[in-house]
Protein chains: 2
Amino acid sequence: MATIKDIAKRLNISVSTVSYALNGGPRSVPEHIKEQVWAVAQELDYRPNRVARQLVTRSSDTIGIVPDHPSEDAMLGPYLQQIFNAVLNVAERRTQDVLFLSSHSGSDPNTYLNTLLDGRVDGVILIADNRSKLRELLVSRKFPHVMISAPNDGESPTFGVNNISGMIMLVDHLAELGHKKIGYLRGLSRQPDSQFREAALLERAAHYGMEIRPEWVRDGDFYSETSHRVGLEILDQRDLPTAMICFNDESAVGFMNACRDRGLKIPEDMSVVGFDNVPWIGYITPKLTTVRQPTGEIAHAAAAALLELVAGNPVTSQLFEPELIVRDSTSRPKEDKFPHA
Amino acid sequence: MATIKDIAKRLNISVSTVSYALNGGPRSVPEHIKEQVWAVAQELDYRPNRVARQLVTRSSDTIGIVPDHPSEDAMLGPYLQQIFNAVLNVAERRTQDVLFLSSHSGSDPNTYLNTLLDGRVDGVILIADNRSKLRELLVSRKFPHVMISAPNDGESPTFGVNNISGMIMLVDHLAELGHKKIGYLRGLSRQPDSQFREAALLERAAHYGMEIRPEWVRDGDFYSETSHRVGLEILDQRDLPTAMICFNDESAVGFMNACRDRGLKIPEDMSVVGFDNVPWIGYITPKLTTVRQPTGEIAHAAAAALLELVAGNPVTSQLFEPELIVRDSTSRPKEDKFPHA
DNA sequence: CTGTTAGCGCTTTCAA
DNA sequence: TTGAAAGCGCTAACAG
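Just so it is clear, the model here is predicted, and its values are computed rather than measured. (Residues numbered from 1 in each chain as written. Chains lettered and ligands numbered in written order. Predicted model: local features only at pLDDT ≥ 70, side-chain atom pairs only at ≥ 80, totals over all residues. Heavy atoms only, no water.)

### Details of the protein's contact with DNA strand D
At step 1: In the vicinity of DNA strand D, 24 residues are found, and the nearest of them are Thr 17, Arg 27 and Arg 58 of chain A together with Ser 19 and Tyr 46 of chain B.
At step 2: Asn 23 of chain B has a polar side-chain atom sitting 3.0 Å from a phosphate oxygen of DNA strand D.
At step 3: Of all the secondary-structure elements, those providing two or more residues to the surface near DNA strand D are helix H2 (15-23) and helix H4 (50-57) of chain A together with helix H2 (15-23) and helix H4 (50-57) of chain B.
At step 4: Tallying contributions element by element places H2 of chain B first for the surface near DNA strand D, with 4 residues.
At step 5: In terms of residue class, the surface near DNA strand D is built from 11 nonpolar, 9 polar and 4 charged. (Near = heavy atom within 4 Å. Polar contact = N/O pair within 3.5 Å; in protein donor to acceptor, adjacent residues only side chain to side chain. Helix = DSSP H or I, 4+ residues; strand = E, 2+ residues; numbered from the N terminus. Nonpolar A, V, L, I, M, F, W, Y, C, P; charged D, E, K, R; others polar.)

### Let's talk about empty space enclosed by the protein
It is a probe the size of a water molecule, rolled over the atoms, that shows where empty space is left.
At step 1: Counted according to the given criterion, the structure contains 6 cavities of 30 Å³ or more.
At step 2: Lining the largest cavity are 15 residues, with Gln 54, Thr 62 and Arg 120 of chain A together with Gln 54 and Arg 120 of chain B sitting closest to its centre.
At step 3: The set of elements that each furnish at least two residues to the lining of the largest cavity consists of H4 and strand E2 (97-100) of chain A together with H4 of chain B.
At step 4: Of the residues assigned to the lining of the largest cavity, the class counts are 4 nonpolar, 6 polar and 5 charged. (1 Å grid on protein atoms, 1.4 Å probe; cavity = no way out; pocket = protein on both sides within 12 Å on 5 of 7 lines; lining within 4 Å. Points joined across faces, edges and corners; volume = space filled by probe spheres on them.)

### What to know about the protein's contact with DNA strand C
At step 1: Every one of the 24 residues lining DNA strand C counts as a neighbour, but Ile 4, Ser 19 and Tyr 46 of chain A together with Arg 27 and Arg 58 of chain B are closest to it.
At step 2: Taking the atoms of DNA strand C that fall within 4 Å of the protein, sugar and phosphate contribute 54% of them.
At step 3: Between a phosphate oxygen of DNA strand C and a side-chain N or O atom of Tyr 46 of chain A, the distance comes to 2.5 Å.
At step 4: Those elements giving two or more residues to the surface near DNA strand C turn out to be H2 and H4 of chain A together with H2 and H4 of chain B.
At step 5: The residue makeup of the surface near DNA strand C, split by class, is 12 nonpolar, 8 polar and 4 charged.

### Remarks on the nonpolar core
At step 1: Among the nonpolar cores identified, the biggest contains 58 residues, and Phe 84, Val 87 and Phe 100 of chain A together with Phe 84, Val 87 and Phe 100 of chain B are the most heavily contacted of them.
At step 2: Ignoring sequence-local partners within four residues, the contact set of Phe 100 of chain A consists of Ile 65, Pro 67, Ala 74, Met 75, Leu 80 and Phe 84 of chain A together with Phe 84, Leu 88 and Val 98 of chain B.
At step 3: Listed in part, the 44 residues of the second largest apolar core include Leu 235 and Val 278 of chain A together with Cys 246 and Met 256 of chain B. (Core = buried A, V, L, I, M, F, W, Y, C linked by side-chain atoms within 4.5 Å. Buried < 20%, exposed > 50% of the residue type's maximum accessible area, 1.4 Å probe, protein only. Contact = heavy atoms within 4.5 Å.)

### Details of the relation of the copies chain B and chain A
At step 1: Note on the copies: chain B fits chain A at an RMSD of 0.2 Å, the axial shift is 0.1 Å, and the rotation between them is 180 degrees. Here the two chains are linked by the operation of a two-fold rotation axis. Across chain B, the smallest distance between a C-alpha and the rotation axis is recorded for Ile 284 of chain B, namely 2.5 Å.
At step 2: Taken as a fraction of all interface residues of chain B, those also at the interface in chain A reach 100%, which identifies the copy contact as same-surface. (Least-squares fit on C-alpha atoms with pLDDT ≥ 70 in both.)

### Focus: the pattern of salt bridges
At step 1: Overall, the coordinates contain 44 salt bridges over all chains when judged by the stated rule.
At step 2: As a salt-bridge pair, Arg 94 of chain B and Glu 308 of chain B come within 3.7 Å of each other at their nearest N and O atoms. Here Arg 94 of chain B, found in the loop between helix H5 (78-93) and strand E2 (97-100), pairs with Glu 308 of chain B, found in helix H12 (residues 295-310); they are 214 residues apart in sequence, far enough to count as distant.
At step 3: Exposure remark for Arg 94 of chain B: the relative accessible area of 36% places this residue in the partly exposed category.
At step 4: Relative accessible area serves as the criterion here: at 28%, Glu 308 of chain B is assigned to the partly exposed category.
At step 5: Through salt bridges with shared partners, one network takes in Arg 50 and Asp 97 of chain A together with Asp 118 and Arg 120 of chain B. (Salt bridge = Lys/Arg side-chain N within 4 Å of Asp/Glu carboxyl O.)

### Points about the environment of Ser 165 of chain A
All names here are of chain A.
At step 1: Its location among the elements puts Ser 165 in helix H8 (residues 163-177).
At step 2: Each C-alpha atom of the pair Ser 165 and Phe 196 lies 10.0 Å from the other, and the pair is 31 residues apart in sequence.
At step 3: If near-sequence neighbours (up to four positions away) are discounted, Ser 165 is found in contact with Glu 321 and Pro 322.

### Focus: the domain arrangement of chain A
Accessible area lost when the parts come together is the quantity often used to give the size of an interface.
All names here are of chain A.
At step 1: One can read the domain layout of chain A as domain 1 (4-57), domain 2 (62-158 + 295-315) and domain 3 (163-293 + 325-337).
At step 2: In this structure, domain 2 and domain 3 have C-alpha centres spaced 32 Å apart.
At step 3: Counting residues at the interface gives 7 residues for domain 2 and 7 residues for domain 3.
At step 4: Taken together, the two surfaces of domain 2 and domain 3 that pack against each other cover about 650 Å², and 52% of this comes from carbon and sulfur.
At step 5: The interface formed by domain 2 and domain 3 includes 1 salt bridge.
At step 6: The tally of links between domain 2 and domain 3 comes to 2 residue pairs in polar contact (both at pLDDT 80 or more).
At step 7: Elements represented by at least two residues in the side of domain 2 that touches domain 3 include exactly helix H5 (78-93) and helix H12 (295-310).
At step 8: In terms of residue class, the side of domain 2 that touches domain 3 is built from 2 nonpolar, 2 polar and 3 charged. (Domains from an automatic or database assignment. Buried area = accessible area lost by both parts, 1.4 Å probe.)

### Overview of the packing of helix H1 (residues 4-11) of chain A against H2 of chain A
Residue and element names in this part refer to chain A.
At step 1: Orientation of H1 relative to H2, taken along the N-to-C sense of each, is 110 degrees, at an axis distance of 8 Å. By the criterion of interaxial angle, the relationship of H1 to H2 is roughly perpendicular. Here the hand of the crossing between H1 and H2 comes out right-handed. Contact residues: H1 offers Ile 4, Lys 5, Ile 7 and Ala 8, while H2 offers Val 15, Val 18 and Leu 22.
At step 2: Of the residues assigned to the contact of H1 with H2, the class counts are 6 nonpolar, no polar and 1 charged. (Axes fitted to C-alpha atoms, helices over the stretch in contact; angles between N-to-C directions. Parallel < 35°, antiparallel > 145°, perpendicular 65-115°, else oblique. Left-handed = near helix turned anticlockwise from the far one by under 90°.)

### What to know about the packing of H4 of chain A against H4 of chain B
At step 1: Interhelical geometry of H4 of chain A versus H4 of chain B gives an angle of 145 degrees and a closest axis separation of 9 Å. Note on packing geometry: the crossing formed by H4 of chain A with H4 of chain B is left-handed. Here H4 of chain A contributes Val 51, Ala 52, Gln 54 and Leu 55 of chain A to the contact with H4 of chain B, which in turn contributes Val 51, Ala 52, Gln 54 and Leu 55 of chain B.

### Looking at the sheet that holds strand E8 (residues 243-246) of chain A
All names here are of chain A.
At step 1: Taken in spatial order, the 4 strands make up an open sheet running E7-E6-E8-E9, and their pairing is parallel. Of all the strands in the sheet, just strand E7 (217-219) and strand E9 (271-273) have a single pairing partner and so form its edges. Here the strands of the sheet are splayed against their neighbours by 15 degrees on average, with no regard to which way each runs.
At step 2: Sheet analysis places strand E6 (residues 182-186) next to E8, joined by 4 bridges and oriented parallel. Among the inter-strand pairings, Leu 185 is bridged to a residue of E8, identified as Cys 246.
At step 3: Against the sheet, helix H9 (residues 192-207) touches E6 and E8, its axis set at about 170 degrees to E6. (Pairing = 2+ DSSP bridges.)

Structural data, given as structure tokens:
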């Protein structure tokens, strides 16, 4: 493979001149030399060696995405997919590469840190909450990073959705429809997201004087199978809520299946809402009322911020507002249909 | 940042000894020296500089994924997602990175080639068909690569699904149910996949003496909106087929929506089949009969093969068999329900 | 067995 | 204005 040395030799000029000619600076090179250099480069099919350049410039033009809870099938969930897609788009526009760093070196954060500090990435987008050990290490080493999906504690630039107002929108919507008895299928309760949403739910529901019986609230995870199973348990009780708030769209699908199994019509017998507005939401029946998380915009902003950070510029955290999307899975509760009957 | 030089100086030994101690070879190092080296490394918080190593070993321990028709939202489709996920898994197990190379340098394949030859990846997985200009360049430069989703022409190691037998399974299934009148919503007709499937469909249908009227066959793309629209046009005709074969699951969803709009029950009035078995298939109603493409396995094999190739070992192409998954969107045709009526 | 040293290909400082 | 040369941090060939 041809190198700048070959080009220099061929033209009897110095490598520095070739380098400057090829890079268009910082030193100026006479136009006719430039042309010759480019011509010879073409002829020798010269391809710049990016690794050599990286070594001397100490920058890789690559950013990393680090999911803090790496799993075998990380890229199969819509959340990471949307983030990765958005990051890819902004990186591409700035001719940067993006590396998806799942967790080569096992789960020890300190070992894992090697991956980040060995020069392959200039900075990382960390998808984790604040208790992340890795985040701590990044902060203490001042390694350029931004966070997604963590509450903003001022330690790192953070980009996320306003979970609280999302939940409030949902409760308000149900309140407007006249619902008084609400059930809640929560996510993993150790997750900050879950906690914020639940707190908002309880507060807002209390505000409206809604009833949320303990037996209508159940733990789940993010999968529809679980919420299907748990949903059946809820539905097999005597008294039922008239509306169910599900932690995310997937669990809403599971719960809707449970309703179908028990012969409950949605939304007539039971209103159901989700959270997220996943990409395949248009394919499920009935169409689900949910809150859209602007995941793409969030990731977009995070990536842009990281690149600023890498370039040495200051950045500020950003909280995004979700959007209520009313579809066909919510309506007035049955007993409210004829309020004066 | 500490380097091996610092460690060497600290212990009054040579850098080569340090290097060998750290890497565990190829030269052997006395155990007690090794221990000292590791201790000092720890103490100085030494992190190996991977870029420097790359420069001398001329290998990046990174493979690339190259979608030949890069789009803004490349990672939003399930196909690339599954491929990426699988590749990530095998790469991780072999401590390799994977770079998703969408198309930085514009669409000129030759410029684009720079990206691949500048040392950042040791080889690439090309997702393209055989007419790919980029593939041609890779072949002529003997740059390590494998192909996914192209017919195997013997030029490059190729990994894909047997489209023909997939379509045959589908037609056989419909024939067994007693369908005689078949419609077909095809994909983009310039795509080799589409062509193979259509050829197989026509041949197999002829074999069974099935009727496929031209007005039951329509072009589409891969999106449900299109097939929804086109589906309505088909359904507004006088005579209808009893079963519709859709190019992929997404278009099947669109067509099923069209059926719903026209009051046709699935599968009673119309059997519908898709192709792919996308991840969210469990969420649509009625559950779709389809052919599963083992995309994950294919990508897995492709990635493993690429790593072999990079290591200098020979590899062989592989064709994967699809699998018919019968669910609730197909049944006997109506007029066949009482064959002797 | 271990230390010295020559690069890998590039950028950039320092001299001329 | 341009060339020579010093590294970047590492591996590995070579020398002792």
